[in-house]
Amino acid sequence: MKGIKCLQDHGVLFSVLAVVGHETIDHPEALFDFLASLHGVNIGINIEEYEGANTERTPPTRDQAVAFWRSDQAGPGATPMHRLSANWIGSADTSACPGSSRPTVE
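Here goes a summary of the coordinates provided. Predicted model, so just to flag it, every value in this text is computed and none were measured. (Residues numbered from 1 in each chain as written. Predicted model: local features only at pLDDT ≥ 70, side-chain atom pairs only at ≥ 80, totals over all residues. Heavy atoms only, no water.)

## Side note on the pairing of strand 2 (residues 42-47)
Then comes step 1: Sheet topology places strand 1 (residues 15-20) next to strand 2; 6 bridges connect them, and they run parallel. Along strand 2, the bridge assignment pairs valine 19 with asparagine 46.
Then comes step 2: The handedness of the strand 1 to strand 2 crossover, carried by helix 2 (residues 28-38), is right-handed. (Pairing = 2+ DSSP bridges. Helix = DSSP H or I, 4+ residues; strand = E, 2+ residues; numbered from the N terminus. Right-handed = clockwise from strand over helix to strand, strands pointing away.)

Take a look at the structure:
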């Protein structure tokens, strides 16, 4: 968090990559709230997989992954991803970045 604070203090735009494992798979709202609070300009979210060097941990099941993306606790008809996008859009000033654009949610 010290690194992110340093970037924010110096106006450096940054992206966030989160890998969702057993610790967070059942808590999408808490994860998305945390990620939105960082005010980065992009976010990448991957569900942990059993591949390459990652052979010691068992990844979340398909059903857990589906439930993660379809969680309806963000409100009627809104997934946590929609809520995250609504909080994320406009949270960072990208005007100094040539070619930057803000994401949209439909």
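## Here we look at the packing of aromatic side chains
Then comes step 1: Summed over all chains, the structure comprises 3 aromatic pairs.
Then comes step 2: Each ring, one from phenylalanine 32 and one from phenylalanine 68, has its centre 5.5 Å from the other, and the planes form 50 degrees; the classification is tilted. Here phenylalanine 68 lies in helix 3 (residues 62-70) and phenylalanine 32 lies in helix 2, a separation of 36 residues in the sequence. Just as phenylalanine 32 is buried, phenylalanine 68 falls in that class too.
Then comes step 3: Taking the centre distance of 6.2 Å and the plane angle of 40 degrees together, the rings of phenylalanine 32 and tryptophan 69 count as tilted. Of this pair, phenylalanine 32 sits in helix 2 while tryptophan 69 is found in helix 3, placing the two residues 37 residues apart along the sequence.
Then comes step 4: Given the relative accessible area of 31%, tryptophan 69 is considered partly exposed.
Then comes step 5: An aromatic cluster is present here, built from Phe32, Phe68 and Trp69 joined pairwise through their rings. (Phe/Tyr/Trp six-rings, centres within 6.5 Å; stacked < 30°, edge-to-face > 60°. Buried < 20%, exposed > 50% of the residue type's maximum accessible area, 1.4 Å probe, protein only.)

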